[in-house]
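Each chain, letter by letter, is given below.
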Amino acid sequence: MDRSYWMYGMIRSDIKYLACVGDFLKFAEENQVKRGEGYIWCPCIDCQNIHMYTDSTKIEEHLITHGFMSNYTCWPRHGETLLDHITGFSETNDENDWNGDPDWSNNHDNIYNMLHDCEDNVVEKDYDKFQQLFDESEKPLYNGCTKFTKLSVVLKLFNIKATHGWSDTSFTSLLEILHEMLPEDNKLPDSLYQAKKLICQMGMEIERTHAFPNDCMLYRNQHANLDKCIICDTSRYKRKDHMEENVKVTNNGPPAKLLWYFPIIPRLKRLFANAKDAKLFRWHAEGNIDENIRHVADSPQWRNINKNFEEFGRKIRNIRFRLSSDRINPFGSLSSRHSTWSVLLCICNLPPWLCMKRKYIMMSLLIQGPKQPGNDIDVYLDPLIDDMKILWNTGHNFQLRAMIFCTISDFPSYGNLSGYSTKWKKVCPICENDTYSLWLKNCKKTVYMGHRRFLPDNHHYCKKKKVFNGRIKKRKAIKPLGGEVLFGKVKGKSRSVTKNIWTKKSIFWDLPYWKHLQV
């Protein structure tokens, strides 16, 4: 029976109305059990889904006495999604209506899955906008068009723009030309602004956070509204002081740094919403059948994780990330001193030919300059570490676990991330105090000639003197320290800089599994 008819067109004392109310309450109770909640929202005219009750009979009494609130034919407060209610593509449309185009069905399913995934992240206040987006997915590009809808053609054009790196100006020019070429009744946006406005609900969440001028802390969580730093007592903004006719004038400038954080959990949801991508995350266990060592899953570290965390290792879809951080120059000028830092996450579960593809590399943090964060990068890593804790402890409704498996970076970045001093005489993180260094007086540089110790004894470099430091190899290789031993060295340190070779306790040690890693 049509909902709008029985909810608003029938007499509330009718037996059929009472039966339908019973079906609604059954649906709401099932959602209550599924979510583990102890209450149900009341959608009557008086309560308006603002009040909740633990007893469904109270809600039944309200619906019989007062009736349903207006325009509540879809029940998002009670566990129903818009796509469950409006069958759209999956039921009302027939592939035969689309001239038998073999690609239409696949594109159609992709848009349906994309909309379904987006709806999970839509807050209730934006539900009307999502309803409009869903309507656009059903509108043909122009009257009589059976191949494209307004939404599908905009998505295709944006995909081409991203693939080939088109500028915003060129993309706007293309839209204008296409709009003129198509029939007059076409629905194609004629500007980049209109196109972005159409698909804005499909975008991923981004957190934009300011940092204190001295990189002490971020304006987030309980510190979001502070005006002064609780650590160094500096003002929230840079202060520009200058003298003007013997009068000191102080102006408030912009914050020192800006952090863009791209939450990981929604991106993992979107990847797993695609069946093909979800299957690829199991490749390391199901497809890696080669006896040769060719994948990170063949490493001792992978086996170490499976041994120490058996529950994590048993579920092969659980994700292991590689974290990489480095400086980038967004202005393309070699003379620019502006230093913007990015933090990327690569997925180790994937096949080796896909691990480093752009599609599967997640930009998690972008630290806006103009100066590099240095050892204070831990302050900016805090949102990412919070998400990784959630993904490790499975405290989120999305029942997937993930961990940072290792980090990949150049030596200066390694020093900032780990807290190990990568300058002067003791730069080797394996040798530590036993690092062999040599100072060259003429070029005034320190070089490290003692690392032949890691070569086999029969290697031809071991007996060469002139090309090294004038000595043959005698020292034996040492084993890298384990995670728990290193944790014992740094656990007593604060995150402030010290005079030891370990300059700080890195924020990575806050992760419960970090001290068990061998790397």
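**Student:** Could you clarify how one ought to interpret the sheet that holds strand 3 (residues 207-211) in this entry?
**Tutor:** Note: strands within a sheet are paired through backbone hydrogen bonds, in either parallel or antiparallel orientation. The six strands lie next to each other as 3-6-9-8-7-10, forming an open sheet whose pairing is mixed. Strands at the two margins of the open sheet, each flanked by one partner only, are strand 3 and strand 10 (402-408). Taken over all neighbouring pairs, the strand axes of this sheet differ in orientation by 25 degrees on average, direction set aside. For strand 7 (residues 319-328) and strand 8 (residues 340-347), the ladder comprises eight bridges, and the chain directions are antiparallel. By the bridge assignment for strand 8, Arg327 is matched with Trp341. Contacting strand 7 and strand 10, helix 14 (residues 300-308) crosses the sheet at an angle of about 155 degrees to strand 10.

**Student:** Sorry, what's going on with helix 8 (residues 150-164) here?
**Tutor:** Residues separated by three or four positions in an α-helix point in the same direction, a consequence of the helix having 3.6 residues per turn. Helix length check: helix 8, at 15 residues, gives a terminal C-alpha distance of 22 Å against a target of 21 Å (1.5 Å per residue), a fit within 8%. Turning to helix 8, its buried residues are Lys150, Leu151, Ser152, Val153, Val154, Leu155, Leu157, Phe158 and Lys161. Two residues or fewer past helix 8, Gly165 is found with a positive phi of approximately 65 degrees.

**Student:** Sorry if this is basic, but what is going on with the pattern of salt bridges here?
**Tutor:** Note that side chains of opposite charge can pair when their charged atoms are close. For the structure on display, the rule yields 10 salt bridges. Salt-bridge contacts for Asp386 lead to Arg220; the nearest nitrogen and oxygen are separated by 3.1 Å. Residue Asp386 is found in helix 16 (residues 377-393), and its partner Arg220 is found in the loop between strand 3 and strand 4 (239-244); the two are separated by 166 residues along the sequence. Classification of Asp386 by relative accessible area gives partly exposed; the value is 27%. Here Lys473 and Asp457 are joined by a salt bridge, their closest N and O atoms 3.0 Å apart. Here Lys473 is found in the loop between strand 12 (445-447) and helix 18 (483-490), whereas its partner Asp457 is found in the loop between strand 12 and helix 18, with 16 residues between them in sequence. Taking the relative accessible area as the measure of exposure, Lys473 reaches 16% and is therefore buried. Connected via shared salt-bridge partners are Arg220, Asp382 and Asp386.

**Student:** In this structure, what is going on with the packing of aromatic side chains? I would like to understand it.
**Tutor:** What describes a pair of aromatic rings is the distance from one ring centre to the other and the angle between the planes of the rings. Scanning all chains against the criterion turns up 18 aromatic pairs. Seen from their ring centres, Trp6 and Phe68 are 5.6 Å apart, and the 85 degrees between their planes marks the pair as edge-to-face. Here Trp6 is found in helix 1 (residues 3-8), whereas its partner Phe68 is found in the loop between helix 3 (56-65) and helix 4 (82-85), with 62 residues between them in sequence. Each member of the pair, Trp6 as well as Phe68, is classed as buried. Taking 4.9 Å as the distance between ring centres and 20 degrees as the angle between the ring planes, the aromatic pair formed by Phe508 and Trp514 counts as stacked. Here the two residues Phe508 and Trp514 agree in accessibility, since each one is buried. One Lys or Arg, Arg320, reaches over the ring of Trp302 and ends 4.0 Å from the middle of that ring.

**Student:** Just to check I follow, could you spell out the environment of Glu29 for this structure?
**Tutor:** In this structure, Glu29 sits in helix 2 (residues 15-35). In this structure, the C-alpha to C-alpha distance between Glu29 and Gly79, residues 50 residues apart in sequence, is 9.7 Å. Excluding anything up to four places from it in sequence, Glu29 contacts Ile40 and Ser56.

**Student:** Help me understand the state of the cysteines in this model?
**Tutor:** By definition, a disulfide is the covalent link that joins the sulfur atoms of two cysteine residues. The final tally for this structure, using the stated rule, is zero disulfides. For the unlinked cysteine Cys44, the closest cysteine sulfur is that of Cys47, found at 3.5 Å.

About the cut-offs
Going along each chain's sequence as written, the residues are numbered from 1 onward. The predicted origin of the model limits local features to residues at a pLDDT of at least 70 and limits the giving and counting of side-chain atom pairs to 80 or more, whereas totals for whole chains, interfaces and linings rest on all residues. Side-chain numbers come from the whole structure's heavy atoms, not from hydrogens or water. Here the rule is simple: two strands pair whenever DSSP picks up at least two bridges between them. In DSSP terms, a helix is any run of H or I states spanning at least four residues, a strand is any run of E spanning at least two, and both are numbered starting from the N terminus. A fitted line through C-alpha atoms serves as each axis, taken over the contacting stretch for helices, and the angle formed by two N-to-C directions is quoted from 0 to 180°. Contacts: residue pairs with any heavy atoms within 4.5 Å of one another. Here the expected span of a helix is defined as 1.5 Å times the quantity of residues minus one. Three exposure classes are used, based on accessible area relative to the maximum for each residue type with a 1.4 Å probe and protein chains only: buried under 20%, partly exposed in between, and exposed over 50%. One side-chain nitrogen of Lys or Arg within 4 Å of one carboxyl oxygen of Asp or Glu is enough to make a salt bridge. Note on aromatic contacts: the rings of Phe and Tyr and the six-membered ring of Trp form a pair at centre separations within 6.5 Å, being stacked when their planes are under 30 degrees apart, edge-to-face when over 60 apart, and tilted otherwise. Distance and angle both matter: a charge sits over a ring if NZ of Lys or CZ of Arg is within 6 Å of the ring centre and within 35 degrees of the ring normal. Sulfur atoms of two cysteines make up a disulfide when they are within 2.5 Å.

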